[in-house]
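# Report on the structure
Listed here are the chains, written in short residue letters.
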Amino acid sequence: RISGNLHDIPFISDLQEYLKDVYRSRNFSGKGYIDTAFNPVNIREIYKDETVLFYFWTSWDMNRQETIAEMRKLEEDFADRKFRIAGISLDTERGRWKDTLLSDSIKWDQYADLSGWDNECFHQYGRNHLPFFVLVNTSTGSILKEGSSIEKLRPQIESLETKKDKDRKKKK
């Protein structure tokens, strides 16, 4: 992260944008996470051949209730689309993470690496604020869209194949 006078130099600003593009071109590995039972998991293996919207969050984010409500609406609006939602916590404490899942009644699959702001995927995008979302094609690991607003992701989710389309292809 560059701040102050260096950040204001056009070359440095351009270099920073270039480096963000390089980081964005990397695939989502899905390795190094634990599930809510604290078992090590590879997320890409769990969601083979699916499109998953990963929601990065923390227990101490005061806006998470609003974001969770938006995500429930998104899931309802696109119930016919072939995608799933999963959470990736940026918490560093297991107990706090687990308690928040229970108190917020979050039903989506949840994962963490307990590394906080140093989470590889979050860091890969040079992010430093929440919420943050990444739409991933897990069969390839390619990142279809990322952003800090659900509204910015809606067009990409709307373009996803419907469950009926997928079933028709399987029957052929």
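Within each chain, residues carry numbers counting from 1 in the order of the written sequence. Totals for whole chains, interfaces and linings use all residues, but because this is a predicted model, local features are given only for residues with pLDDT of at least 70 and pairs of side-chain atoms are given and counted only at 80 or more. As a rule here, side-chain values come from all non-hydrogen atoms in the structure, and water together with hydrogens is ignored.

## Things to note about the overall build of the protein chain
Counted only if it meets this: The numbering of helices and of strands both runs from the N terminus, where a helix is a DSSP run of H or I of at least 4 residues and a strand a run of E of at least 2. Throughout this description, buried means an accessible area under 20% of the type-specific maximum (1.4 Å probe, protein chains only), exposed means over 50%, and partly exposed covers the range between. Contacts: residue pairs with any heavy atoms within 4.5 Å of one another.
Broken down by element type, the protein chain carries 8 helices and 7 strands. Residues classed as buried in the protein chain amount to 42% of the 172 residues present. For the protein chain, the share of sequence-separated contacts (at least 6 apart) that also reach a separation of at least 24 residues comes to 65%.

## Examining the pairing of strand β5 (residues 109-112)
This is how it is decided: Being paired, for any two strands, means DSSP has found at least two bridges between them. Crossover handedness is defined by viewing with both strands directed away from the observer: a clockwise path from the first strand over the helix to the second marks the crossover as right-handed.
With 4 bridges connecting them, strand β4 (residues 84-89) and β5 associate as parallel partners. Along β5, the bridge assignment pairs Ser 89 with Ala 112. The parallel pair β4 and β5 is bridged by helix α5 (residues 94-104), and the resulting crossover is right-handed.

## Some remarks on the pairing of strand β7 (residues 142-147)
Of the strand pairs in this sheet, strand β6 (residues 132-137) and β7 are connected by 5 bridges, and their pairing is antiparallel. Note that in β7 the partner of Phe 133 across the bridge is Gly 147. If you look at the hairpin formed by β6 and β7, you'll find 4 residues sitting between the two strands, and Gly 141 has a positive phi there, around 80°.

## Quick word on the nonpolar core
Our working rule: What we call a nonpolar core is a set of buried Ala, Val, Leu, Ile, Met, Phe, Trp, Tyr and Cys residues that are connected through their side-chain atoms within 4.5 Å.
Membership of the largest hydrophobic core comes to 22 residues, with the highest contact counts inside it found for Leu 53, Met 71, Leu 74, Phe 83, Trp 97, Phe 133 and Ile 157. Put simply, the parts of the chain that give this core at least two residues each are β3 (51-57), α4 (64-77), α5, β6 and α7 (150-158). Not counting residues within four places of it along the chain, the set of residues in contact with Leu 53 comprises Leu 74, Phe 83, Arg 84, Ile 85, Ala 86, Phe 133, Val 134, Leu 135, Leu 153 and Ile 157. Phe 56, Ala 86, Tyr 111 and Phe 132 belong to the second-largest nonpolar core, a separate cluster that totals 19 residues.

## Some remarks on α4
What counts is decided by this rule: A helix is expected to reach a length of 1.5 Å times the quantity of its residues less one. Think of it as the arc spanned by the lines of direction from the helix axis to the C-beta atoms.
For α4, with 14 residues, the first-to-last C-alpha span of 20 Å sits near the 20 Å given by 1.5 Å per residue. Listed as buried for α4 are Arg 64, Thr 67, Ile 68, Met 71 and Leu 74. Relative to the axis of α4, the buried residues are bounded by an arc of 115° and lie together on one face. In α4, the exposed residues that point more than 90 degrees away from the buried face are Glu 66 and Glu 76.

## Details of the environment of Tyr 111
Tracing the backbone shows Tyr 111 in strand β5. By relative accessible area, which is 4% here, Tyr 111 ends up buried. Sequence separation of Tyr 111 and Ala 37 is 74 residues, and the distance between their C-alpha atoms is 9.6 Å. Not counting the four nearest positions on each side in its chain, Tyr 111 is found in contact with Tyr 33, Ile 34, Asp 35, Val 41, Ile 43, Ile 46, Tyr 47, Ala 86, Gly 87, Ile 88, Ser 89 and Trp 97.

## Some remarks on the packing of α4 against α7
Quick reminder of the rule: In this description, a line fitted to the C-alpha atoms serves as the axis of each element, helices being fitted only across the stretch in contact, and the angle between N-to-C directions of two axes falls anywhere from 0 to 180 degrees. Any angle that is under 35 degrees is reported as roughly parallel, and any over 145 degrees as roughly antiparallel; angles of 65 to 115 degrees are reported as roughly perpendicular and all others as oblique. The sense of a crossing depends on the near helix, which, turned anticlockwise from the far helix by less than a right angle, makes the crossing left-handed and, turned clockwise, makes it right-handed. For this classification, the nonpolar set comprises Ala, Val, Leu, Ile, Met, Phe, Trp, Tyr, Cys and Pro, the charged set comprises Asp, Glu, Lys and Arg, and every other residue, Gly included, is treated as polar.
One can describe the packing of α4 onto α7 by two numbers: an axis separation of 11 Å at closest approach and a directional angle of 15°. The pairing of α4 with α7 is recorded here as roughly parallel in orientation. Crossing of α4 over α7 shows right-handed handedness. Residue-level inspection shows Thr 67, Glu 70, Met 71, Lys 73, Leu 74 and Asp 77 of α4 in contact with α7, the latter providing Ile 150, Arg 154 and Ile 157. Residue classes in the contact of α4 with α7 are distributed as 4 nonpolar, 1 polar and 4 charged.

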